[in-house]
Amino acid sequence: MDEAIIISWPEDFDDPLAESILNFDSDNFRVAARRTEPKGLLAMLEWAIPTAFIVYLSGNFFKSFLTEAGKDAYAKSKDLLKDYIKKRRQIKTKLIAADSSAEKLSRSYDQSLTISLKVELQPGLTITVLISERVNSSEENEMLEGMFQNLMLLYSDCQKAASESPEQNNKRFPQLYLVANLQTGQWELLTQQQMSERYKNS
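Residues numbered from 1 in each chain as written. Predicted model: local features only at pLDDT ≥ 70, side-chain atom pairs only at ≥ 80, totals over all residues. Heavy atoms only, no water.

J.: Sorry if this is basic, but what is going on with the overall build of the chain here?
T.: Counting secondary structure elements, the chain contains 5 helices and 7 strands. When the elements of the chain are put in sequence order from the N terminus, they spell out β-α-β-β-α-α-β-β-α-β-β-α. Looking at the chain residue by residue over its 202 residues, the buried ones come to 40%. Within the chain, residue pairs in contact and separated by at least 24 positions form 71% of the contacts whose partners lie at least 6 positions apart. (Helix = DSSP H or I, 4+ residues; strand = E, 2+ residues; numbered from the N terminus. Buried < 20%, exposed > 50% of the residue type's maximum accessible area, 1.4 Å probe, protein only. Contact = heavy atoms within 4.5 Å.)

J.: Even after reading the chapter, I still don't get the nonpolar core, so can you show me in this structure?
T.: In globular proteins that are soluble, nonpolar side chains generally tend to be buried together. Core analysis: the largest hydrophobic core is formed by 40 residues, its most contacted members being Ile5, Phe61, Val129 and Met147. In terms of residue count, the dominant contributor to this core is helix H4 (residues 140-164) (8 residues). Among all residues touching isoleucine 5, those that are not within four sequence positions of it are Phe29, Arg30, Val31, Ala32, Val55, Tyr56, Leu57, Phe61 and Leu81. Judged by nonpolar contacts, the second largest core, of 9 residues, contains Tyr109, Tyr177, Met195 and Tyr199. (Core = buried A, V, L, I, M, F, W, Y, C linked by side-chain atoms within 4.5 Å.)

J.: Can you help me understand the side chain of threonine 51 in this one?
T.: By the secondary structure assignment, threonine 51 is in the loop between strand E2 (31-36) and strand E3 (53-57). Among the polar contacts made by the side chain of threonine 51, one reaches the main-chain carbonyl oxygen of phenylalanine 53 at a distance of 2.9 Å. (Polar contact = N/O pair within 3.5 Å; in protein donor to acceptor, adjacent residues only side chain to side chain.)

J.: Teacher, can you tell me more about the environment of serine 196 here?
T.: In this fold, serine 196 is placed in helix H5 (residues 192-199). Along the sequence, serine 196 and glutamate 46 sit 150 residues apart, while their C-alpha atoms lie 9.9 Å from each other.

J.: What am I meant to see in the sheet that holds E2 here?
T.: Sheets are built from strands that pair by backbone hydrogen bonding, the pairs being arranged parallel or antiparallel. In spatial order, the strands read E2-E1-E3-E4-E5-E6-E7; together these 7 strands make up an open sheet with mixed pairing. Single-partner strands in this sheet number two, and they are E2 and strand E7 (186-191). Averaged over all adjacent pairs, the angle separating strand axes in this sheet is 25°, with direction ignored. The pairing of strand E6 (residues 176-181) with E7 spans 6 bridges and is classified as antiparallel. Bridge pairing links valine 179 to glutamate 188 in E7. (Pairing = 2+ DSSP bridges. Axes fitted to C-alpha atoms, helices over the stretch in contact; angles between N-to-C directions.)

J.: Explain the side chain of serine 112 to me, please; I cannot follow it from the model alone.
T.: Structurally, serine 112 can be placed in strand E4 (residues 111-122). Polar contacts involving the side chain of serine 112 include one to the main-chain amide nitrogen of isoleucine 115, which spans 3.2 Å. Beyond its immediate sequence surroundings of up to four residues, serine 112 is in contact with Thr51, Ile131 and Glu133.

J.: When you look at the pattern of salt bridges in this model, what are you seeing that I'm missing?
T.: As a working rule, side chains carrying opposite charge can pair if their charged atoms are close by. Tallied over the entire structure, the rule returns 11 salt bridges. As a salt-bridge pair, aspartate 27 and arginine 30 come within 3.9 Å of each other at their nearest N and O atoms. The exposure class assigned to arginine 30 is partly exposed, which follows from its relative accessible area of 35%. Residues joined by salt bridges that share partners form a network here, namely Asp25, Asp27 and Arg30. (Salt bridge = Lys/Arg side-chain N within 4 Å of Asp/Glu carboxyl O.)

J.: I keep staring at the packing of aromatic side chains and nothing clicks. Help me out?
T.: Geometry of an aromatic ring pair is reported as the spacing of the ring centres plus the angle between the planes. What the rule picks out here adds up to 7 aromatic pairs. Judged by centre distance (5.1 Å) and plane angle (90°), the ring pair of phenylalanine 61 and phenylalanine 62 falls under edge-to-face. The pair phenylalanine 61 / phenylalanine 62 is uniform in exposure class, with both members buried. Ring geometry for tyrosine 109 versus tyrosine 199: centroids 5.0 Å apart, planes at 70°, classification edge-to-face. Pair noted here: tyrosine 109 is in the loop between helix H3 (71-89) and E4 and tyrosine 199 is in helix H5, with a separation of 90 residues, a long-range link. No difference in accessibility class separates tyrosine 109 from tyrosine 199, as the two residues are buried. (Phe/Tyr/Trp six-rings, centres within 6.5 Å; stacked < 30°, edge-to-face > 60°.)

Written as structure tokens, this is what we have:
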């Protein structure tokens, strides 16, 4: 996508915070909105269900800030996004299962069902960033700063790998999730299988 950022939120929700990010749009840094219809019934694992609010970051988001001239824009847009994620994390969403399917919901799932990110690191590789429900408000800024640092490192690593092996750009990758480990204070990149193992009912 040409846009550096796309903010997606329900069409029946007035979102002035998203509008403030849209105001950051310029010829050199495209920001767009995507309104979504209310979701119907979904038979999916919790981490695979689209959240109500989604922030899409493309390779253009990271590419724009690798130059000295882009550093100020990066800091400003990052602060806006951090504030957006914090405020949207405060909105709580709960899944309700049919009586016959109650066991399909993870009893230990602790990621936000309201806000998440989709980040394009290279063609064919888009990861889902999940936002913890358990992190304290006093620690969320540090958590989100670490998230952006990890995303920038992952983007840089992908660009390096693609320059060394051009066929990397045509490779299809499995679905990956970036999740904060509150015990270690580190962000972890997990596969679908690892997510299933972490949040399975014992």
